[in-house]
Amino acid sequence: MSALRLINETTTTVANTISITDVFSADFDIYKIVISGLNQDTNVANEINGIRLINSSGNVITASDYDYAVLGMNSGSSFDETRSTSASNIFMGQRADQVGDGSNNTVFYIFNPFDSSSYTFTLSQSASSDSAFDNINAKGIGVLHQTSSITGFQIYDSDSARPFESGSKIITYGLRVDS
Amino acid sequence: MPYGYLGQNTPNQTVSNSGVFDISSAADLTKQGKFGGSLELIEEQTVSSVSFIDFTSIQENKYDVHYMTVNAYTGSNINIRLRFYESGVLETANVYQQAHQWGASTGTFLEIKDTGDGEIEVANTTSDPSSAYVYLYNLGNSSKYSFTTSHSFNDDSDDNRSAFMFGGGVLPQASVVDGIRVMPLSGTITSATVKLYGVKQL
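Residues numbered from 1 in each chain as written. Chains lettered and ligands numbered in written order. Predicted model: local features only at pLDDT ≥ 70, side-chain atom pairs only at ≥ 80, totals over all residues. Heavy atoms only, no water.

Caption draft 1: Geometry of the overall build of chain B. Helix and strand counts for chain B stand at 1 helix and 13 strands. When its helices and strands are written in sequence order, chain B yields α-β-β-β-β-β-β-β-β-β-β-β-β-β. Looking at the 202 residues of chain B, the share that counts as buried comes to 50%. When the accessible surface of chain B is summed, it comes to about 8,700 Å², and 48% of that surface belongs to carbon and sulfur atoms. (Helix = DSSP H or I, 4+ residues; strand = E, 2+ residues; numbered from the N terminus. Buried < 20%, exposed > 50% of the residue type's maximum accessible area, 1.4 Å probe, protein only. Areas by Shrake-Rupley, 256 points an atom, 1.4 Å probe, with all protein chains shown as cover.)

Written out as structure tokens, the structure reads:
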């Protein structure tokens with residue numbers, strides 16, 4: 001039996017926000033989230049805002065308490081660095097388009113989300129393409145500097161005209177450590 | 001019968017339980033995705049003196065995401081590169097796109113990128129063993145492109161340095177990928193162990 005334990009599988013519907021709730025608990029300290037084939041519902045080359053965390057009260061944390069740093073690796077142009085120390089989300093360098101024009105695919109880890117005495121950290125790596133940028137990949141880090149108990153997360157795009165497509169999969173796993 | 005773990009130091013579990021797993025309980029939990037690990041080994045190959053390593057039964061219909069590990073990959077020109085089979089035909093045209101960050105302990109950092117290459121790189125080095133992991137996405141989806149993300153490392157004793165490379169690539173064709181070739185830039189793979197897993201989904 002491997003240490004990776006499937007917790008939740010969510011199939012997206014057409015919406016600007018994809019909320020995955022009640023997936024983090026005291027059972028695990030580290031979670032792995034796999035996003036495959038995330039598309040936009042419309043014909044648009046789009047940069048995705050990223051993720052926000054959901055606390056144990058069920059509230060999406062939108063305060064400017066997130067930090068992130070992302071290296072964007074563009075197949076057709078210079079690489080770039082994107083960073084913030086007071087953001088309202090964790091940007092992960094994701095891009096997507098309609099089916100057939102590209103998608104986003106990401107693996108990210110979340111550390112200590114449920115622990116109310118620790119900040120919540122993220123580590124991400126993604127591969128995307130769209131009609132504007134061909135292949136663009138990203139490696140990033142993030143943190144919510146609040147000592148909150150986090151039980152879920154939300155992937156979102158702030159542009160209401162750019163919802164995500166239905167049928168993409170977001171799967172959450174816990175990393176088991178048996179002492 | 002209630003199901004659960006036996007023995008000492010039992011871990012926390014999302015389902016309260018006691019006793020042992022009977023056949024029906026195991027089947028029920030497996031259906032829910034709660035029984036067993038979530039990295040399912042598809043195939044392992046340990047090779048010596050080959051020109052390439054092919055995985056041609058990758059269960060692309062079962063998994064949206066595959067995971068590959070490359071360990072102790074050695075050879076004369078041992079860049080680790082990938083090509084994809086589409087419906088049994090190896091794609092060899094310069095259609096792959098990729099972008100990677102390469103860095104060495106000597107302080108050199110490079111951008112490695114291409115919008116029309118014949119393979120997707122995973123490791124970029126010429127000597128000493130390399131190791132890497134690769135995620136592969138949407139291989140079995142005929143409507144979506146097939147992507148990779150990867151991270152590799154090697155100890156380059158010829159140049160007295162260690163080096164890493166991370167990034168990803170894409171075959172920007174909406175097609176079914178039903179096989180993966182692992183290959184060097186040129187020459188022979190002297191030895192390597194490559195494992196291909198499926199990442200569990202319901």
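Read on, since the account is not over.
Caption draft 2: View of the environment of S77 of chain A. All names here are of chain A. Counting through the fold element by element, S77 comes out in the loop between β6 (66-74) and β7 (80-87). Along the sequence, S77 and D134 sit 57 residues apart, while their C-alpha atoms lie 10.0 Å from each other. Within the structure, S77 has its side chain in polar contact with the side chain of N74 (distance 3.4 Å). (Polar contact = N/O pair within 3.5 Å; in protein donor to acceptor, adjacent residues only side chain to side chain.)

Caption draft 3: Layout of the nonpolar core. If you look at the biggest cluster of nonpolar residues, it comprises 30 residues, and the most contacted ones within it are F24, I33, L53, F108, F153, I155 and I170 of chain A. Contacts of L53 of chain A, omitting those with residues within four sequence positions, involve N59, V60, I61, Y66, I110, T120, L144, I150, G152 and F153 of chain A. By size, the runner-up hydrophobic cluster in this structure holds 29 residues, among which are Y96, V182, A192 and V194 of chain B. (Core = buried A, V, L, I, M, F, W, Y, C linked by side-chain atoms within 4.5 Å. Contact = heavy atoms within 4.5 Å.)

Caption draft 4: Structural detail: the interface of chain B and chain A. Listed per partner, the contact involves 45 residues of chain B and 49 residues of chain A. Between chain B and chain A, the buried area comes to about 3,400 Å², and carbon and sulfur atoms account for 56% of it. On the chain B side of the interface with chain A, the three residues burying the most area are Y137, K144 and F147 of chain B, jointly 14% of the side's total. Summed over the shared surface of chain B and chain A, the result is 1 salt bridge. One salt bridge connects D64 of chain B with K169 of chain A, and the closest N-O pair in it is separated by 3.2 Å. On inspection of chain B and its partner chain A, the count reaches 19 residue pairs in polar contact (both at pLDDT 80 or more). (Buried area = accessible area lost by both parts, 1.4 Å probe. Salt bridge = Lys/Arg side-chain N within 4 Å of Asp/Glu carboxyl O.)

Caption draft 5: Representation of the sheet that holds strand β12 (residues 150-156) of chain A. Residues and elements named next belong to chain A. Within the open sheet, the 3 strands sit side by side as β2-β12-β5. Their pairing is antiparallel. Of all strands in the sheet, those bounded by a partner on one side alone are β2 (17-20) and β5 (50-55). With strand direction ignored, the average angle separating the axes of adjacent strands in the sheet is 25°. Here β2 pairs with β12 via 4 bridges, running antiparallel. By the bridge assignment for β12, T17 is matched with Y156. (Pairing = 2+ DSSP bridges. Axes fitted to C-alpha atoms, helices over the stretch in contact; angles between N-to-C directions.)

Caption draft 6: Geometry of the pairing of strand β13 (residues 189-199) of chain B. Residue and element names in this part refer to chain B. In terms of burial, β13 is largely enclosed, as 8 of its 11 residues are buried. For strand β1 (residues 39-50) and β13, the ladder comprises 10 bridges, and the chain directions are antiparallel. Bridge assignment links T46 to a residue of β13, and that residue is T193. Examined bridge by bridge, strand β3 (residues 65-75) and β13 share 8 bridges and lie antiparallel to one another. Opposite H66, over in β13, you have G198 as the bridge partner.

Caption draft 7: How the structure looks around the sheet that holds strand β10 (residues 120-130) of chain A. All names here are of chain A. Strand order in the open sheet formed by 8 strands is β1-β13-β3-β9-β10-β11-β6-β7, and the pairing between neighbours is antiparallel. This sheet does not close on itself; its edge strands, each paired only once, are β1 (4-11) and β7. On average, adjacent strands in this sheet sit at an angle of 15° to one another, irrespective of strand direction. Bridge count between β1 and strand β13 (residues 169-175): 7 bridges; the pairing is antiparallel. Bridge pairing links L4 to L175 in β13.

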